[in-house]
Amino acid sequence: MKLIPLLATAAFLSAGAASAQTVFSASSWVPPTHTLSVAQKNWCDALEKESSGRMKCNILPKGVAAAPGTFDAVRDGLADISYTVDGYTPGRFINTQVAEFPFLGDSSVPTSVAYQRIYSKYFAPLGEHRGVKVLGVFTHGPGIIFNSKQPVKTVDDATKLKFRIGGGNINELSKLMGFNTTLKPAPDSFELLSTGVMDGTFFPDESIASFKLNMIKHATTFPGGLYNTSFVFMMNPAKYNALSAQDKAVVDKLSGEYAARLFGEGWDKVDAASRDLQKQQGVQRIQADESFIKAVAAKQAELEDKWAAAAGAKGLKDPKAVLAEFRAEIKKIK
């Protein structure tokens, strides 16, 4: 007669074990088809697989906040997992600006993995991105000048047009170059260009396809990119701290270079696909002339001095040496 209570207890414990699964709310401020959303989902799938189903993600149908507010949204627990662009909140992050400089590299994977290594070695110990659990940092592909009006080969050509930009170092560089730019998040680009409020935008190749910018007719490239963008992929710290040691180990395994390479590989893939689409769209692609490249380099030298002073004041030792190490690391990575 004691068998029934024992069976009931076993069933109760079994149900309790099943309900102990940790579910993370994952938020994205770009469409689900965008490489950022896809890479985040792929990371979540790996999390579920590596944890044998103990952890999984609930991909939210829409972002809990616009891109500039996403860092605080994750910090405050409105979402458990997401990513954002450091430059969308100007002045908040200093060390990360090193990943936004021009001429870094021609694809996302090397810059992303090198950035992650430099971040782990130098920036994380200084408390960069304090308030969240950093899962990884990464960059997009090389930044390009796109527009719907005319070829842009020289500085003078660029100064005749109005551009949307995404913030960070390119914001300061544009001011020094005398460009007419407005800081707006990437998802605003279609409306800005389709209504004629802006003539063009600074973007990696991927974004022409992702945001359906079929009005773009001209692209101007720079060796290693005109700029880059620093992203942080993050988790709510309270959610992480509540995990068992076993599950923390899984999250940690999928963090750092694993996450950086995952996002970088996704970006390189869609950059290539977008370049093919641009050919079909009739986008005319040219490289900036030598005088344009030299002018950018001269103005950037001023910004690197400014960055080094600001980073040094925040505790980074020998910032110029860190920048040189970052550039050297990029060249080592396939």
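Reference entry: report on the structure contained in this document. (Residues numbered from 1 in each chain as written. Predicted model: local features only at pLDDT ≥ 70, side-chain atom pairs only at ≥ 80, totals over all residues. Heavy atoms only, no water.)

Attention now goes to the overall build of the chain. Across its full length, the chain holds 13 helices and 11 strands. Whereas a compact globule of 334 residues would reach a radius of gyration of roughly 20 Å, the chain reaches 22 Å, a difference of no more than 12%. Its C-alpha atoms give the chain principal-axis dimensions of roughly 90 × 45 × 35 Å. Here the chain, with 334 residues, has 51% of them falling under the buried criterion. Sequence-distant contacts, at least 24 apart, represent 79% of the contacts inside the chain between residues at least 6 apart. For the chain, the accessible surface area stands at approximately 14,700 Å², while carbon and sulfur atoms represent 56% of it. Put simply, the chain has 39 plus and 33 minus side-chain charges, and the middle of one group is 3 Å from the middle of the other. (Helix = DSSP H or I, 4+ residues; strand = E, 2+ residues; numbered from the N terminus. Rg over C-alpha atoms; globule rule 2.2 N^0.38 Å. Buried < 20%, exposed > 50% of the residue type's maximum accessible area, 1.4 Å probe, protein only. Contact = heavy atoms within 4.5 Å. Areas by Shrake-Rupley, 256 points an atom, 1.4 Å probe, with all protein chains shown as cover. Lys, Arg positive; Asp, Glu negative; His and termini not counted. Charge placed at Lys NZ, Arg CZ, Asp CG, Glu CD.)

Quick look at unusual backbone geometry now. The phi torsion at Lys212 lies on the positive side, around 55 degrees, for a residue other than glycine. Note on placement: Lys212 falls in the loop between α8 (206-210) and β9 (218-221). We classify Lys212 as exposed; its relative accessible area is 59%. Positive phi, normally seen in glycine, also occurs at Asp318, with a value near 50 degrees. Tracing the chain through its elements places Asp318 in the loop between α12 (290-313) and α13 (319-332).

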